[in-house]
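Below are the chains, spelled out letter by letter.
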Amino acid sequence: MATYPLDDAIEIFHNASSEFELRMAVSRAYYVALSHMMGVAEQEGFKESRQRTDHHRLFDFFASSSKKHLRRMGAIRLPQLYEVRLFADYDYSSDMSVESARSALMDAVQICTRVNLQGPSIQKTRATLDVLAFRGSKSSHLPKKDPLKVLEDLVTRTPTQIRRASVASQAYLFYFRHMRSIAEKLGYEASEKGADHKRVRKFFQSVDDVNLRDAGADRLEEYHQMRISADYHGDEFSLEQKEAISVLRDIHTITHIKYSDIAMETLELGAVEHKDTAPQGRKKSNQKRRKRDRDSSYRYR
């Protein structure tokens, strides 16, 4: 059982039976590499602000380093891995192959080992290279499966805090992509790379439908904060097993029932109007309903 986030990503890749798991492994590997290089940069004098722009600030910092290996890993390899991670998390216009995922994980392993912080698990991570090579020799493409069912299986099979962080991050991203697609049906114009989290929430804040506004603004923000904690503050992240399952069921209820493709077809889109401000006094009732939804015995069909 993996005790280090990068080993967990490699384990997900090694046991993958769906394309979604390949994407998940790449995403997790990038954030491990980012965290690793952030630690290196802080030793070199970098001041972390913990904002989204830290990615590019970090790349720029390493680009100006006087140390060749830091420039190569932090200003070339890490940005390359970042682009692959964006594809894995947001771009479903084409499939991710096993080889692409394997290559990305190899890059993450090299970033975390060639710029060594003398961490206790570095040798173990190096030992996973043969695992990556073995998995890469299998079929080049894997079938598509329901992401939420995959996530529930992953977190049930490996009930560790590290795995729950991986699942929490991917659960949010699945939810975000779904709500963004609904926003697009309502006239929202997505950004080129699709990582427009705040703009999507702002769009839903202005719709007249209370339930849709809650799903696309309030709850999306709640789960976004969960994802931020999982991706950027892994050492501080804490989510109980029951809570992880509850989150998955809550997202399943919204995406597969309340606002599924079929449900959206029956929604009179013309009735979803925009307004400048949201009504006050709805948060308490929304929180009660959330608890009711999460405590329900609903299971995946």
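None of the values given here were measured: they were computed from a predicted structure.

## Points about the confidence of the model for the protein chain
The predicted model of the protein chain has a mean per-residue pLDDT of 82, with 75% of residues at 70 or higher. Confidence scores differ between elements of the protein chain, with helix H14 (residues 283-295) showing the lowest mean pLDDT of 45 and helix H8 (residues 147-157) the highest of 96. Confidence drops under a pLDDT of 50 for residues 276-286, and excluding neighbours within four residues, the segment shows eight contacts in the predicted structure. Contacts for the low-pLDDT stretch residues 288-301, under 50 throughout, to residues beyond four places or in other chains number 28 contacts.

## Here we look at the packing of helix H2 (residues 19-43) against helix H4 (residues 68-90)
Relative placement of two packed helices is described by the angle separating their axes and the distance separating the axes. Direction vectors running N to C along H2 and H4 enclose 150 degrees, while the axes themselves pass 9 Å from each other. Viewed along their axes, H2 and H4 adopt a mutual orientation that is roughly antiparallel. Read as a crossing pair, H2 and H4 show a hand that is left-handed. Of the residues in H4, those in contact with Arg-23, Val-26, Ser-27, Ala-29, Tyr-30, Tyr-31, Ala-33, Leu-34, Met-37 and Val-40 of H2 are Leu-70, Met-73, Gly-74, Leu-78, Leu-81, Tyr-82, Val-84, Arg-85, Phe-87, Ala-88 and Asp-89. Looking at the contact of H2 with H4, its residues break down into 16 nonpolar, two polar and three charged.

## Structural notes on the pattern of salt bridges
Across all of its chains, the model carries 17 salt bridges by this definition. Arg-219 is the salt-bridge partner of Asp-214, the closest N and O atoms lying 3.6 Å from each other. The buried category is assigned to Asp-214, whose relative accessible area is 1%. Relative accessible area serves as the criterion here: at 1%, Arg-219 is assigned to the buried category. One salt bridge in this structure joins Asp-250 and Arg-219, with 2.3 Å as the shortest N-O distance. Here the residue Asp-250 occupies a position in helix H12 (residues 241-258), and Arg-219 occupies one in helix H11 (residues 210-232), the gap between them amounting to 31 residues. With respect to burial, Asp-250 and Arg-219 carry one shared label: buried.

## Looking at a positive patch on the surface
Together, Lys-68, Arg-71, Arg-72 and Arg-114 give the surface a local cluster of positive charge. A per-element tally of the positive patch places H4 first, with three residues. Residue position: Lys-68 is located in helix H4.

## So, H11
Look at H11: 31 Å from first C-alpha to last across 23 residues, which is about the 33 Å you get at 1.5 Å a residue. Roughly 35 degrees is the biggest bend found in H11, and it falls at Leu-220. For H11, the N-terminal capping position is held by Asp-209, with its side-chain oxygen 3.1 Å away from the main-chain nitrogen of Asn-211.

## Some details on the packing of aromatic side chains
Scanning all chains against the criterion turns up 11 aromatic pairs. Considering the side-chain rings of Tyr-172 and Phe-176, the 6.0 Å spacing of their centres and the 25 degrees angle between planes classify their relative orientation as stacked. Note that Tyr-172 and Phe-176 are positioned in helix H9 (residues 161-185) at a spacing of four residues, about one turn of the helix. Judged on exposure class, the residue Tyr-172 and its partner Phe-176 are both buried. Taken together, the aromatic side chains of Tyr-30, Tyr-31, Phe-59, Tyr-82 and Tyr-232 make up a single cluster linked through ring pairs. Sitting above the plane of the Phe-87 ring, Arg-23 keeps its charged end 4.9 Å from the centroid. When the ring centre of Tyr-92 is taken as origin, the NZ or CZ atom of Arg-23, which lies over that ring, is 3.9 Å away.

## Some details on the environment of Ser-17
Along the chain, the position of Ser-17 falls in the loop between helix H1 (5-14) and H2. Given a relative accessible area of 33%, Ser-17 falls into the partly exposed group. Distance from Ser-17 to His-141, taken between C-alpha atoms, is 9.7 Å for residues 124 residues apart in sequence. Each residue touching Ser-17, except ones within four places of it in the same chain, is listed here: Leu-142, Pro-143 and Lys-145. Separated by 2.9 Å, the side chains of Ser-17 and Lys-145 make a polar contact.

Reading the values: rules and limits
Residues numbered from 1 in each chain as written. Predicted model: local features only at pLDDT ≥ 70, side-chain atom pairs only at ≥ 80, totals over all residues. Heavy atoms only, no water. pLDDT = per-residue confidence, 0-100. Helix = DSSP H or I, 4+ residues; strand = E, 2+ residues; numbered from the N terminus. Contact = heavy atoms within 4.5 Å. Axes fitted to C-alpha atoms, helices over the stretch in contact; angles between N-to-C directions. Parallel < 35°, antiparallel > 145°, perpendicular 65-115°, else oblique. Left-handed = near helix turned anticlockwise from the far one by under 90°. Nonpolar A, V, L, I, M, F, W, Y, C, P; charged D, E, K, R; others polar. Salt bridge = Lys/Arg side-chain N within 4 Å of Asp/Glu carboxyl O. Buried < 20%, exposed > 50% of the residue type's maximum accessible area, 1.4 Å probe, protein only. Patch = residues over 30% accessible without salt bridge, like charges linked within 9 Å, V, L, I, M, F, W, Y side chains within 5 Å. Areas by Shrake-Rupley, 256 points an atom, 1.4 Å probe, with all protein chains shown as cover. Lys, Arg positive; Asp, Glu negative; His and termini not counted. Charge placed at Lys NZ, Arg CZ, Asp CG, Glu CD. Expected span 1.5 Å × (residues − 1). Bend = angle between axes of the 7 residues up to and from the residue. Polar contact = N/O pair within 3.5 Å; in protein donor to acceptor, adjacent residues only side chain to side chain. Phe/Tyr/Trp six-rings, centres within 6.5 Å; stacked < 30°, edge-to-face > 60°. Lys NZ or Arg CZ within 6 Å of the ring centre and 35° of its normal.

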